[in-house]
Amino acid sequence: MSAYLGIVLGILGVALAVILSGVGSAVGVGLVGQSAAAVVTEDPSKFGKVLILEILPGTQGLYGFLAGFLMMNKIRAFDYSLTIAQGGGLLVAGLPIAIVGLLSAIWQAKVAVAGCSLTAKQPTQSGKAIIFSAMVETYAVLALLISILLLQYVK
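Attention in this report is confined to the structure presented alongside it. Keep in mind it's a predicted model, so treat the numbers as computed, not measured.

Notes on the environment of Ile 84
Checked against the element boundaries, Ile 84 lands in helix α4 (residues 84-121). Its relative accessible area of 41% is what places Ile 84 among the partly exposed residues. Each C-alpha atom, one on Ile 84 and one on Lys 74, is 14 Å from the other, the two residues being 10 residues apart in sequence. Residues in contact with Ile 84, not counting those within four places in the same chain, are Ser 2, Leu 5, Gly 6 and Leu 9.

A few points about the nonpolar core
In terms of nonpolar packing, the biggest core is built from 17 residues, with Met 71, Ile 75, Leu 82, Leu 90 and Ile 97 touching the most fellow members. Of all the elements in the fold, those that place two or more residues in this core are α1 (2-42), α3 (59-77), α4 and α5 (126-151). If sequence neighbours within four positions are ignored, Met 71 has contacts with Gly 10, Gly 13, Val 14, Ala 17, Leu 90, Gly 94 and Leu 151. Counting 9 residues, the second-largest nonpolar core is a separate cluster that includes Val 32, Val 50, Ala 109 and Ala 129.

Brief notes about the packing of aromatic side chains
Evaluation of the coordinates by the stated rule reveals 0 aromatic pairs. Cation over ring: Lys 110 sits above Trp 107, and NZ or CZ is 4.3 Å from the ring centre.

About the criteria used
Residues numbered from 1 in each chain as written. Predicted model: local features only at pLDDT ≥ 70, side-chain atom pairs only at ≥ 80, totals over all residues. Heavy atoms only, no water. Helix = DSSP H or I, 4+ residues; strand = E, 2+ residues; numbered from the N terminus. Buried < 20%, exposed > 50% of the residue type's maximum accessible area, 1.4 Å probe, protein only. Contact = heavy atoms within 4.5 Å. Core = buried A, V, L, I, M, F, W, Y, C linked by side-chain atoms within 4.5 Å. Phe/Tyr/Trp six-rings, centres within 6.5 Å; stacked < 30°, edge-to-face > 60°. Lys NZ or Arg CZ within 6 Å of the ring centre and 35° of its normal.

The structure is reproduced here in structure tokens:
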């Protein structure tokens, strides 16, 4: 059993990074999509403005995918034979983007939904709505960077 625990922990880290950030993005894009559809129903010319808001929560899923890809490369570099410490290190390295990706995508979506409302009422202010939503993105980017930096300590 212990011979396989390292690889199991490593793959669990990959799975959490990809799945949790992906779930957050799916929920987020869905929430904003509902709001964006309501705006476009009233004024189809606002499609481009609300589309940008809808796309933003989807980036966390991409960050999780990138982290997972880098982690899989690390597993491959160890020739799929990881110690418990290496597997645990990969698991820990995946947690920042997994947890922050999940939560920030959902919260970013909530800000973007409000941005859709702002865009519906004052289309000239859509840039501000995008900036508000992008501020939440900062934390997902930081989590991705921490996950990447933590990978450097798995040897």
